[in-house]
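Structural overview
What follows is the residue order along each chain.
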Amino acid sequence: MDIAGSVALVTGSNRGIGRRFAVQLLERGAAKVYATARRPELVDIPGVEVLPLDITDDASITAAAAAASDVTLLVNNAGIATTGSLVSDPLDDVRREMDTHFWGNLAMVRAFAPVIEHNGGGAIVNVLSALSWFVYPGSGGYAAAKAAEWNMTNAVRLELASKGIAVQGLHLGAADTDIMAGYEGPMVDPAEVAKASLDGVEQGAAEVIVDEWSALVKASLAREPEAFYAQFA
Ligand SMILES: NC(=O)c1ccc[n+]([C@@H]2O[C@H](COP(=O)([O-])OP(=O)(O)OC[C@H]3O[C@@H](n4cnc5c(N)ncnc54)[C@H](OP(=O)(O)O)[C@@H]3O)[C@@H](O)[C@H]2O)c1
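So, here's what we can say about the structure. (Residues numbered from 1 in each chain as written. Predicted model: local features only at pLDDT ≥ 70, side-chain atom pairs only at ≥ 80, totals over all residues. Heavy atoms only, no water.)

Along the chain, Gly12 turns up in the loop between strand 1 (7-10) and helix 1 (16-27). Between the C-alpha atom of Gly12 and that of Leu172, which follows or precedes it by 160 residues, the distance is 17 Å. Dropping the residues within four chain positions of it, Gly12 is found in contact with Gly18, Arg19, Thr36, Asn77 and Ala78. (Helix = DSSP H or I, 4+ residues; strand = E, 2+ residues; numbered from the N terminus. Contact = heavy atoms within 4.5 Å.)

Here we take up the pairing of strand 4 (residues 73-76). Every second residue of strand 4 is oriented toward a common face, with Leu73 and Val75 on one face and Leu74 and Asn76 on the other, all of them buried. Judged from the three bridges that link them, strand 1 and strand 4 form a sheet pairing that is parallel. In the strand pairing of strand 4, Val10 is matched with Val75. The pairing of strand 4 with strand 5 (residues 122-127) spans four bridges and is classified as parallel. (Buried < 20%, exposed > 50% of the residue type's maximum accessible area, 1.4 Å probe, protein only. Pairing = 2+ DSSP bridges.)

Restricting attention to buried positions, one finds in helix 2 (residues 58-67) the residues Ser60, Ile61, Ala64 and Ala65. Taken around the axis of helix 2, the buried residues stretch over an arc of 130 degrees, which confines them to a single face. Exposed side of helix 2, more than 90 degrees from the buried face: Asp58, Ala59, Thr62 and Ala66 are the residues found there. In this structure, the buried residues of helix 2 make contact with strand 3 (49-52) and helix 3 (92-118). Looking at where helix 2 begins, the residue whose side-chain oxygen comes 3.0 Å from the main-chain nitrogen of Ala59 is Asp57. (Arc of directions from axis to C-beta. Polar contact = N/O pair within 3.5 Å; in protein donor to acceptor, adjacent residues only side chain to side chain.)

The ligand sits among 29 residues. The nearest are Asn14, Arg15, Tyr142, Ala175 and Thr177. Here an oxygen atom of the ligand and a side-chain polar atom of Asn14 are 2.7 Å apart. Take Ile55: an N or O atom from its main chain is 3.0 Å from a nitrogen atom of the ligand. Notes on the ligand: free accessible area 900 Å², of which the protein chains cover 97%. Where the shell around the ligand is concerned, the elements lending two or more residues are helix 1 and helix 4 (140-160). Split by residue class, the shell around the ligand holds 13 nonpolar, 10 polar and six charged. (Near = heavy atom within 4 Å. Areas by Shrake-Rupley, 256 points an atom, 1.4 Å probe, with all protein chains shown as cover. Nonpolar A, V, L, I, M, F, W, Y, C, P; charged D, E, K, R; others polar.)

On to the sheet that holds strand 3, then. Strands sit in the order 3-2-1-4-5-6-7 across an open sheet of seven strands; the sheet is parallel. Each edge of the open sheet carries a strand with a single partner, namely strand 3 and strand 7 (207-209). The mean inter-strand angle of the sheet, taken between neighbouring strand axes irrespective of direction, is 20 degrees. One ladder, built from three bridges, connects strand 6 (residues 165-171) with strand 7; its direction is parallel. Bridge assignment links Gly169 to a residue of strand 7, and that residue is Glu207. (Axes fitted to C-alpha atoms, helices over the stretch in contact; angles between N-to-C directions.)

Let us now look at the pattern of salt bridges. Where charged atoms from two side chains of opposite charge approach closely, those side chains can pair. In the structure shown here, the tally under the stated rule is nine salt bridges. The closest approach of N and O atoms between Asp44 and Arg19, which form a salt bridge, is 3.0 Å. Taken together, the positions of Asp44 in the loop between strand 2 (32-37) and strand 3 and Arg19 in helix 1 put the pair 25 residues apart, joining distant regions of the chain. Among the residues examined, Asp44 registers a relative accessible area of 49% and is labelled partly exposed. For Glu149, the salt bridge identified is with Lys146, shortest N-O distance 3.7 Å. Of this pair, Glu149 and Lys146 both sit in helix 4, three residues apart, which is roughly one turn of the helix. Of the two residues, Glu149 and Lys146, neither departs from the other in class, the shared state being buried. Residues joined in a network through salt bridges with shared partners are Arg28, Lys195, Asp199 and Glu202. (Salt bridge = Lys/Arg side-chain N within 4 Å of Asp/Glu carboxyl O.)

This is the structure:
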């Protein structure tokens, strides 16, 4: 798919990786970019069309799909990261993770797949994580939701192929955004994440692995888990 001339919609585009997606889509010649946010007043990107959108609110999704009926490229970027024990903490945060990453993004795919098909086909990007494939203590709710979103991504890729819609799963370990506040390990520039994904859209890649850590985690799945998880003990 060519980015130039496409009509793109990005969720959570007021900051972080979503903001970089919106900026780069314009730079790469997208005909229109819907920069959406649950607080649209925070979007400060010249040249975009701003729309309100909360991906956990069905009415908000329906309104966005009606307003952006010319979309050909959907970037499901919005996300949250809670911490806590799956076993002993209250379940509210775990439900919020699933509501956002699994149910919210599935609702977005269901709302926009007919729109993209009607416009002659295109692509959907789901922003996943290395945490789709592993977990460290305290990240259980987020990791389980990203894992569910990962296989949802695979499933809708199969379903939408015949409708001319490519579906990309985008995996990264750590990028320097608010969601990683306090993390002191190596992080990639969020602009690199958007660039790798958009290159992948143009190449028709089913999966984009942004950084070395995601590649290592993916490779670990082919081996017994004990050795991989020993490093978190
Ligand atoms: N940064 C990393 O290291 C990393 C690693 C792996 C995966 N990811 C994934 O990358 C994506 C972007 O994260 P980021 O790093 O850019 O984080 P971020 O800077 O915290 O941005 C998150 C964005 O998602 C929006 N959002 C959250 N819930 C939403 C909802 N229900 N409806 C609409 N928008 C919502 C936020 O809006 P508000 O401003 O209103 O809160 C914000 O714009 C997420 O899916 C995240 O899981 C990030």
